[in-house]
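# Coordinate analysis (summary)
Residue-level listing of the chains:
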There are 2 protein chains.
Amino acid sequence: MKKSIDYSLYLVTDRPLSLGRSLMEVMEKAAAGGTTIVQLREKECDSRTFVELARAAKKLLDAKGVPLIINDRADIALAVGAAGLHIGQTDMPYQDARRIMGPEAIVGLSVENRDQVKEAASLDADYLGVGPIFATQTKPDAAPAIGLEGLAEIRTITKTPLIAIGSVNLSNAAEVIRAGADGLAVVSAICSQPDIEQASRNLAAAIQKARQ
Amino acid sequence: MKKSIDYSLYLVTDRPLSLGRSLMEVMEKAAAGGTTIVQLREKECDSRTFVELARAAKKLLDAKGVPLIINDRADIALAVGAAGLHIGQTDMPYQDARRIMGPEAIVGLSVENRDQVKEAASLDADYLGVGPIFATQTKPDAAPAIGLEGLAEIRTITKTPLIAIGSVNLSNAAEVIRAGADGLAVVSAICSQPDIEQASRNLAAAIQKARQ
C-alpha cells in the first residue's frame, strides 16, 4: 500500500528565482522550516546535470523525511529513485507516466480548469496540481487564473488531493486552504524569500491555522 | 538473448534539416532506401510531442523491421517501447540508463575521443557512436574532429560496434567503413537530400561495396 503523503506545503524549486542560493541550500532550509514535499523542476539543464541535482536532492531530502517529486522527467525520477513524478498537460500522457513509474510511485498531474479535472476523474493520479489560482509571473505560459471560487468548485467535483498553485503566498494561504486545497504549492514564496526557513515556517503555520 | 542489430546505415533525425518534409515521410523513405536503424533526436519539443512522434515512428518503423532508438530520453523510449536509447556525454550516465532500460534494450553511447572509448570499456554499451569524424555544422557544440586516423586507432582498442558520425556522407562513406566503422550515422546526408530514398540506397550500396 502507498505511503500517506503530507501535501501541505509543496515547494516547487526554481534556481533562477532563488536569489543566488544553491538548490541544496534552498531545499535544506525549506525542509527545516516545515516544507513537507519538494518538486524538483528543471527546464533548461541537460540530463546529466538533472540526474546529478536530483540525486543530491534525494539524499538531502531523504535525511529529512521529505519526499522528492521530479517534474516532467520519469527517467530522472527512476534514475534516482524519487518518490514520484509531476506531469503537466504538455508532458507525457498520464497513462504512460503511470506505467513507467509503477503503481507505488506518486504521480501528480497539473490541471488548469474544470474540464481537465473531469478528464482526470478516470485516472488514478495521487494528486492534482490546480492552478493558477491567482495570476502569476513565475510561469509566463500559464493558463488564466481560476480564482478561489474556481478552486472551491473544483473541490466539489473530485476527492483527489488538490494542491493549489499560482501566486499562492503567506497573504492568501489561509483562504486557499479554506477554499478546499489540501496543500499549497509555492515557488517564490519560499525560493525568493531572504529567510527561507522562516518563510516555510510561516506558511506551514498559516496552513495549520486555516485548517482549525 | 539480444537480437542482432544491423547498424550499417543509422539515420539520426533532424526535423529542421528535413527541407519541410515530415518526420514520418523522412523515415518512411529512408527505410525504403535501406536505412537499417533510426535514432529519433528531438531537442526542443515538449515531452507530450516527443511521445507522440516516437509512438508514430515506432509504428512506422516496426512495419519495416527497422529498430527505433530514442536520443537522450529513457522515459520516452520506455513509453513507446522503442528498441533502445542513445546517450551522449551530457545525458544520463550510462549505468543509470542501462538500469532503467533493462538488459534487453539497445543502449548506445557517444564517444568523442580515445579516452572516452577507454572509459566505455568497463560498460556493456551495445555500440559506440564515434565522432565527429569530420568537422560538422549539424552540431555546433561538437568536439574536435577525430579524422579517419583517429577512427582507425579507436578501432584497435575496442570490439564494441562503432558507428561513425560527423559529416559522414556518400563521398566519404567507403573510407569511413574501411577505417573500421561498423556503421555510418548520418543526418543531412539523408534528411536534407531531395530524394531521401535514393540517398539511402546510394549510401547503403557504398557501405556494402566498401566491405567487400
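Here is what the cut-offs are and how they apply
Residues numbered from 1 in each chain as written. Chains lettered and ligands numbered in written order. Predicted model: local features only at pLDDT ≥ 70, side-chain atom pairs only at ≥ 80, totals over all residues. Heavy atoms only, no water. UniProt positions renumbered as here; feature names shortened; annotations may be inferred. Least-squares fit on C-alpha atoms with pLDDT ≥ 70 in both. Contact = heavy atoms within 4.5 Å. Phe/Tyr/Trp six-rings, centres within 6.5 Å; stacked < 30°, edge-to-face > 60°. Helix = DSSP H or I, 4+ residues; strand = E, 2+ residues; numbered from the N terminus. Buried < 20%, exposed > 50% of the residue type's maximum accessible area, 1.4 Å probe, protein only. Expected span 1.5 Å × (residues − 1). Pairing = 2+ DSSP bridges. Axes fitted to C-alpha atoms, helices over the stretch in contact; angles between N-to-C directions. Core = buried A, V, L, I, M, F, W, Y, C linked by side-chain atoms within 4.5 Å. Buried area = accessible area lost by both parts, 1.4 Å probe. Salt bridge = Lys/Arg side-chain N within 4 Å of Asp/Glu carboxyl O. Polar contact = N/O pair within 3.5 Å; in protein donor to acceptor, adjacent residues only side chain to side chain. Nonpolar A, V, L, I, M, F, W, Y, C, P; charged D, E, K, R; others polar.

Taking an unreviewed UniProt entry as the reference, chain A is identified by name as Thiamine-phosphate synthase belonging to Desulfatibacillum aliphaticivorans. Within the UniProt record for chain A, the comment given under Function (unreviewed entry) is "Condenses 4-methyl-5-(beta-hydroxyethyl)thiazole monophosphate (THZ-P) and 2-methyl-4-amino-5-hydroxymethyl pyrimidine pyrophosphate (HMP-PP) to form thiamine monophosphate (TMP)." The annotation that UniProt attaches to chain A under Pathway (unreviewed entry) is "Cofactor biosynthesis; thiamine diphosphate biosynthesis; thiamine phosphate from 4-amino-2-methyl-5-diphosphomethylpyrimidine and 4-methyl-5-(2-phosphoethyl)-thiazole: step 1/1."

## Comments concerning the relation of the copies chain B and chain A
Structural alignment of chain B on chain A gives an RMSD of 0.0 Å, achieved by rotating through 180° and translating 0.0 Å along the axis. Here the transformation between the copies is reduced to the relation of a two-fold axis. Closest approach to the rotation axis among the C-alpha atoms of chain B is made by Asp75(B), whose C-alpha sits 2.3 Å away. Here 100% of the contact residues of chain B are again contact residues in chain A; the copies associate through an equivalent surface.

## Re the packing of aromatic side chains
How two aromatic rings sit relative to each other is set out by the distance from centre to centre and by the angle between their planes. Residue and element names in this part refer to chain A. What the rule picks out here adds up to four aromatic pairs over all chains. Where tyrosine 7 meets tyrosine 127, the ring centres are 5.1 Å apart and the plane angle is 55°; that geometry is what we call tilted. With tyrosine 7 in the segment before strand E1 (9-12) and tyrosine 127 in strand E6 (residues 127-130), this pair connects stretches of sequence that are 120 residues apart. One exposure class covers both tyrosine 7 and tyrosine 127, and it is buried.

## Some points on helix H2 (residues 47-62) of chain A
In this model H2(A) runs 22 Å from its N-terminal to its C-terminal C-alpha over 16 residues, within 8% of the 22 Å that 1.5 Å per residue would give. Of the residues making up H2(A), those classed as buried are Ser47(A), Phe50(A), Val51(A), Leu53(A), Ala54(A), Ala57(A), Leu60(A) and Leu61(A). Close packing links the buried residues of H2(A) with helix H1 (23-32), strand E2 (37-40), strand E3 (68-71) and helix H3 (74-80) of chain A together with helix H4 (94-101) of chain B.

## Structural notes on the sheet that holds strand E5 (residues 106-111) of chain A
Residue and element names in this part refer to chain A. Reading around the barrel, the eight strands line up as E1-E2-E3-E4-E5-E6-E7-E8 and close back on themselves, with parallel pairing between neighbours. Taken over all neighbouring pairs, the strand axes of this sheet differ in orientation by 25° on average, direction set aside. Looking at chain direction, E3 and strand E4 (residues 84-87) are connected through three bridges and run parallel. By the bridge assignment for E4, asparagine 71 is matched with histidine 86. Along the sheet face, helix H4 (residues 94-101) touches E4 and E5 and points at about 170° away from the line of E4.

## A short note on the environment of Gly33(A)
All names here are of chain A. Checked against the element boundaries, glycine 33 lands in the loop between H1 and E2. Sequence spacing of glycine 33 and alanine 199 is 166 residues, and the spatial spacing of their C-alpha atoms is 7.4 Å. If we skip the residues at most four places from it in the chain, glycine 33 touches Glu197, Ser200, Arg201 and Ala204.

## Some remarks on H4(A)
Burial of H4(A) is extensive: six of the eight residues sit out of reach of the surface. What H4(A) keeps buried is the set Tyr94(A), Asp96(A), Ala97(A), Arg98(A), Ile100(A) and Met101(A). Those residues of H4(A) hidden inside the fold are in contact with H3, E4 and E5 of chain A together with helix H2 (47-62) and helix H3 (74-80) of chain B. A positive backbone phi angle near 90° is found at Gly102(A), which sits one or two residues after H4(A).

## Describing the nonpolar core
Grouped together as the largest cluster of nonpolar side chains are 128 residues, with contacts concentrated most on Ile70(A), Leu128(A), Leu151(A), Ile70(B), Leu128(B) and Leu151(B). Leu128(A) has contacts with Leu109(A), Val111(A), Val117(A), Ala120(A), Thr158(A), Thr160(A), Pro161(A), Leu162(A) and Ile163(A), leaving out every residue within four places of it along the chain.

## Overview of the interface of chain B and chain A
In many analyses, interface size is given as the accessible surface area lost on bringing the parts together. Each partner contributes residues to the interface: chain B has 21 residues there, and chain A has 21 residues. For the pair chain B and chain A, the summed buried area comes to about 1,700 Å², and 51% of that belongs to carbon and sulfur atoms. Summed over the three residues of chain B that lose the most area to chain A, namely Arg48(B), Asp75(B) and Met92(B), the buried surface amounts to 31% of that side. The tally of links between chain B and chain A comes to two salt bridges. Salt-bridge contacts for Asp96(A) lead to Arg55(B); the nearest nitrogen and oxygen are separated by 2.8 Å. Between the two partners, chain B and chain A, sit 14 residue pairs in polar contact (both at pLDDT 80 or more). Within the residue set of the side of chain B that touches chain A, elements represented by two or more residues are H2, H3 and H4 of chain B. Its residues placed into classes, the side of chain B that touches chain A shows eight nonpolar, four polar and nine charged.

## Some remarks on the sheet that holds strand E5 (residues 106-111) of chain B
Residues and elements named next belong to chain B. Pairing is parallel around the closed barrel formed by eight strands, whose spatial order is E1-E2-E3-E4-E5-E6-E7-E8. Taking each pair of neighbouring strands and ignoring which way they run, the sheet shows an average axis angle of 25°. One ladder, built from three bridges, connects strand E2 (residues 37-40) with strand E3 (residues 68-71); its direction is parallel. Among the inter-strand pairings, valine 38 is bridged to a residue of E3, identified as leucine 68. Packing of H2 onto the sheet brings it into contact with E2 and E3, and relative to E3 it is tilted by some 160°. Seen against the sheet, helix H6 (residues 147-157) touches strand E6 (127-130) and strand E7 (162-164) and runs at an angle of roughly 170° to E7.

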